[in-house]
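Topology and contacts: notes
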Amino acid sequence: MAYAPNDICFVGLDLAGPANWNDTACCVARMSAEGSLVVDSLGQNMSDGALTDVFTEISTHSSVVVGIDAPLSYQDGGGDRVRDKSLREYLMDKGLHAGSVMTPTMTRMAYLTLRGIAVARLVSSRCPHAEILEVHPIGAMVLHGGDLEIIRTIKKTPSSISEALNWLSQQGLCGIPEALEGRPVSDHMVAALGCVLSASAFNQQKSAWLHPAEPPHHPYPFVC
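Everything numeric here is computed off the predicted structure, so don't read it as measured data.

Cut-off values and rules
- Residue indices follow the written sequence of each chain, beginning from 1 at its first position.
- Residues qualify for local features only when their pLDDT is at least 70, as the model is predicted, and side-chain atom pairs are given and counted only at 80 or more; totals for whole chains, interfaces and linings, by contrast, use all residues.
- Side-chain metrics in this entry use all non-hydrogen atoms of the structure; hydrogen atoms and water are not considered.
- For each residue, the accessible area found with a 1.4 Å probe, counting protein chains only, is set against the maximum for its type, and the residue is called buried under 20%, exposed over 50%, and partly exposed in between.
- A helix here means a DSSP run of H or I that spans at least four residues, while a strand means a run of E at least two residues long, and both kinds are numbered starting from the N terminus.
- For two strands to count as paired, DSSP must find a minimum of two bridges between them.
- The criterion is simple. A nonpolar core is a set of buried Ala, Val, Leu, Ile, Met, Phe, Trp, Tyr and Cys residues joined through side-chain atoms within 4.5 Å.
- For this analysis, residues touch if any pair of their heavy atoms sits within 4.5 Å.
- When the centres of two rings from Phe, Tyr and Trp lie within 6.5 Å, Trp using its six-membered ring, the rings pair. Their planes under 30 degrees apart give stacked, over 60 give edge-to-face, and anything left gives tilted.
- By the criterion adopted, a ring carries a charge over it if an Arg CZ or a Lys NZ lies within 6 Å of its centre and within 35 degrees of its normal.
- Residue count minus one, scaled by 1.5 Å, sets the expected span of a helix.
- When we speak of the arc, we mean the arc of directions from the helix axis to the C-beta atoms.
- Between N-to-C directions, angles span 0 to 180 degrees; the directions come from axes that are lines fitted to C-alpha atoms, helices contributing only their stretch in contact.
- Our angle categories are set so that under 35 degrees counts as roughly parallel, over 145 as roughly antiparallel, 65 to 115 as roughly perpendicular, and the remainder as oblique.
- Note on convention: near helix rotated counterclockwise from far helix by under a right angle means a left-handed crossing. Clockwise means right-handed.
- Residues were grouped as follows: Ala, Val, Leu, Ile, Met, Phe, Trp, Tyr, Cys and Pro as nonpolar; Asp, Glu, Lys and Arg as charged; and all remaining residues, including Gly, as polar.

Counting buried residues along strand β5 (residues 131–135), four of its five residues qualify, which places the element largely inside the surrounding structure. As paired elements, strand β4 (residues 63–69) and β5 share four bridges and run parallel to each other. Of the residues in β5, the one forming a bridge with I68 is E134. Taken together, the two bridges between β5 and strand β10 (residues 222–223) define a ladder with parallel strand orientation. Bridging across to β10, V135 finds its partner in V223.

Attention shifts here to the nonpolar core. Residues L168, V190 and L193 are the most contacted members of the largest nonpolar core, which totals 43 residues. Looking at this core, the element that brings in the most residues is helix α7 (residues 187–203), giving nine residues. Each residue touching L193, except ones within four places of it in the same chain, is listed here: C27, V39, L42, L165, L168, L173 and I176. Grouped together as the second largest cluster of nonpolar side chains are 26 residues, C26, V64, I68 and V123 included.

Right, let's get into the packing of aromatic side chains. Within this structure, the stated rule accounts for one aromatic pair. On the basis of an interplanar angle of 90 degrees and a centroid distance of 5.4 Å, the ring pair of W209 and F222 is categorised as edge-to-face. Taken as a pair, W209 in the loop between α7 and β9 (210–211) and F222 in strand β10 lie far apart in primary sequence, 13 residues in all. Per residue, the accessibility class of W209 equals that of F222, and both read buried. Taking NZ or CZ as reference, R81 lies 5.7 Å from the ring centre of F222, over its face.

Moving on: helix α2 (residues 82–93). For α2, with 12 residues, the first-to-last C-alpha span of 17 Å sits near the 16 Å given by 1.5 Å per residue. Those residues of α2 not exposed but buried are R83, D84, L87, R88 and L91. Along the long axis of α2, the arc covered by the buried residues comes to 125 degrees, so they all point the same way. The outward face of α2, more than 90 degrees from its buried face, is lined by the exposed residues V82 and D93. Looking at the buried positions of α2, the neighbouring elements they touch are β5, α4 (137–143), β9 and β10.

Moving on: unusual backbone geometry. Both trends apply: most residues other than glycine have a negative phi, and most peptide bonds are in trans. The peptide bond linking P215 to P216 adopts the cis configuration, its omega dihedral lying at 10 degrees. Examined against the element boundaries, P216 turns out to sit in the loop between β9 and β10. One non-glycine residue, N45, adopts positive backbone phi at about 60 degrees. Along the chain, N45 turns up in the loop between β3 (37–43) and α1 (48–57). Assessed through its relative accessible area of 44%, N45 is described here as partly exposed. Phi at Q205 is positive, roughly 60 degrees, even though this residue is not glycine. In this fold, Q205 is placed in the loop between α7 and β9. Here Q205 falls in the exposed class, since its relative accessible area comes to 77%.

It is the contact of α1 with helix α3 (residues 110–126), at a shortest axis distance of 9 Å, that shows an interaxial angle of 30 degrees. Taken together, the axes of α1 and α3 lie roughly parallel to each other. For the pair α1 and α3, the sense of crossing is right-handed. On α3, the residues touching D48, L51, T52, F55 and T56 of α1 are R115, V119, L122, V123 and R126. Along the lines of polarity and charge, the residues of the contact of α1 with α3 split into five nonpolar, two polar and three charged.

Structurally, R115 can be placed in helix α3. Here R115 is in contact with L15, A16, G17, P18, W21, T24, M46, S47, D48 and L51, once residues within four sequence places are set aside.

Shown next as structure tokens:
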């Protein structure tokens, strides 16, 4: 895919742990002249090598915004970061379960945190000018007006995936495929699209929730 140098490129990554490529999804989208987000690629089963290829290809963009669904830092001494506690309480108030925001160092999350930090470093090495964000795509979709019950059930109910894709298209994401290689779009791909939605909102200063970067230990904003 050839891009004009001044195109704004958005990348959404729904990461899984280092040994679980199959559940890692990536969406690359660009802002059209009319202000819509045009989906150029949407895929799954993304290894670190495949992600390296993606960021090498888009490195010619003058503006790149990357939303990564994974912790990109951890709390010194363990436990929640301030941002984790803040977002968990905010999303619980909106109807999401407390487990939708997990502590970066807990057993289920530690490998994801490890890969998140490594992939953020990978992005910086291939695309030094990229703006990197930690995002929560499920929270972002709910906070930007998505139906709570649909968003909560996309991992369990195929019809919820279709309804979520329809809602995302109504938010200005164009060119979302209904199927890839004969297989339906997965919940991980929906999450990658949600990461793009969150990154685009941040770029327009329209985030529904934001915790600023706190360098050096927490170098990236956390946004919905």
